Amino acid sequence: MNDKLRGTLAILVGIFALYEGWHLHQTKPGQWQVWFELVLGVVVIGLGVWRLRRNPKSKLDELLK
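Note that the structure is predicted; figures quoted are calculated from it, not measured. (Residues numbered from 1 in each chain as written. Predicted model: local features only at pLDDT ≥ 70, side-chain atom pairs only at ≥ 80, totals over all residues. Heavy atoms only, no water.)

(A) Summary view of the overall build of the chain. Across its full length, the chain carries 3 helices and 0 strands. Across the chain, helices and strands are ordered from the amino to the carboxyl terminus as α-α-α. Rg of the C-alpha trace for the chain: 17 Å, well past the compact-globule value of 11 Å for 65 residues, more than 25% over. Expressed along its principal axes, the backbone C-alpha trace of the chain runs to roughly 60 × 15 × 15 Å. Accessible surface, the chain as shown: approximately 5400 Å² in total, 67% of it carbon and sulfur. Of note, the chain has its 9 positive side-chain charges centred 4 Å away from the centre of its 5 negative side-chain charges. (Helix = DSSP H or I, 4+ residues; strand = E, 2+ residues; numbered from the N terminus. Rg over C-alpha atoms; globule rule 2.2 N^0.38 Å. Areas by Shrake-Rupley, 256 points an atom, 1.4 Å probe, with all protein chains shown as cover. Lys, Arg positive; Asp, Glu negative; His and termini not counted. Charge placed at Lys NZ, Arg CZ, Asp CG, Glu CD.)

(B) Structural context of the packing of aromatic side chains. Counted by the stated rule, this structure contains 2 aromatic pairs. Ring plane angle 40 degrees and centroid distance 6.1 Å describe the contact between Tyr19 and Trp22, whose orientation is recorded as tilted. Taken together, the positions of Tyr19 and Trp22, both in helix H1 (residues 3-27) and 3 residues apart, correspond to about one turn of that helix. Looking at Tyr19, the relative accessible area reads 47%, which means it is partly exposed. (Phe/Tyr/Trp six-rings, centres within 6.5 Å; stacked < 30°, edge-to-face > 60°. Buried < 20%, exposed > 50% of the residue type's maximum accessible area, 1.4 Å probe, protein only.)

(C) Broad picture of the packing of H1 against helix H2 (residues 32-53). The contact between H1 and H2 brings their axes to 7 Å, and the two run at 160 degrees. By the criterion of interaxial angle, the relationship of H1 to H2 is roughly antiparallel. Judged by the sense of rotation from one axis to the other, the crossing of H1 with H2 is left-handed. (Axes fitted to C-alpha atoms, helices over the stretch in contact; angles between N-to-C directions. Parallel < 35°, antiparallel > 145°, perpendicular 65-115°, else oblique. Left-handed = near helix turned anticlockwise from the far one by under 90°.)

(D) Structural context of H1. Given a rise of 1.5 Å per residue, 25 residues ought to cover 36 Å, and the 36 Å separating the end C-alpha atoms of H1 matches this to within 8%. Among the residues of H1, those classed as buried are Asp3, Gly7, Ala10, Ile11, Gly14, Ala17, Gly21 and Leu24. Buried-residue contacts for H1 involve H2. (Expected span 1.5 Å × (residues − 1). Contact = heavy atoms within 4.5 Å.)

The structure is reproduced here in structure tokens:
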């Protein structure tokens, strides 16, 4: 699996975690699981964006040096 696909999946999982955190907040406000899911969702979305934006070095470039 390449980085672009992993980044996309991470963003989707982060959005799902944010949704679940919001839904849990609506039913049981003030619990630590709510804040854990919301923070985890933001972190996973950030990692997914980082994976999409980074440019991995090519092995061919290293061999040509």
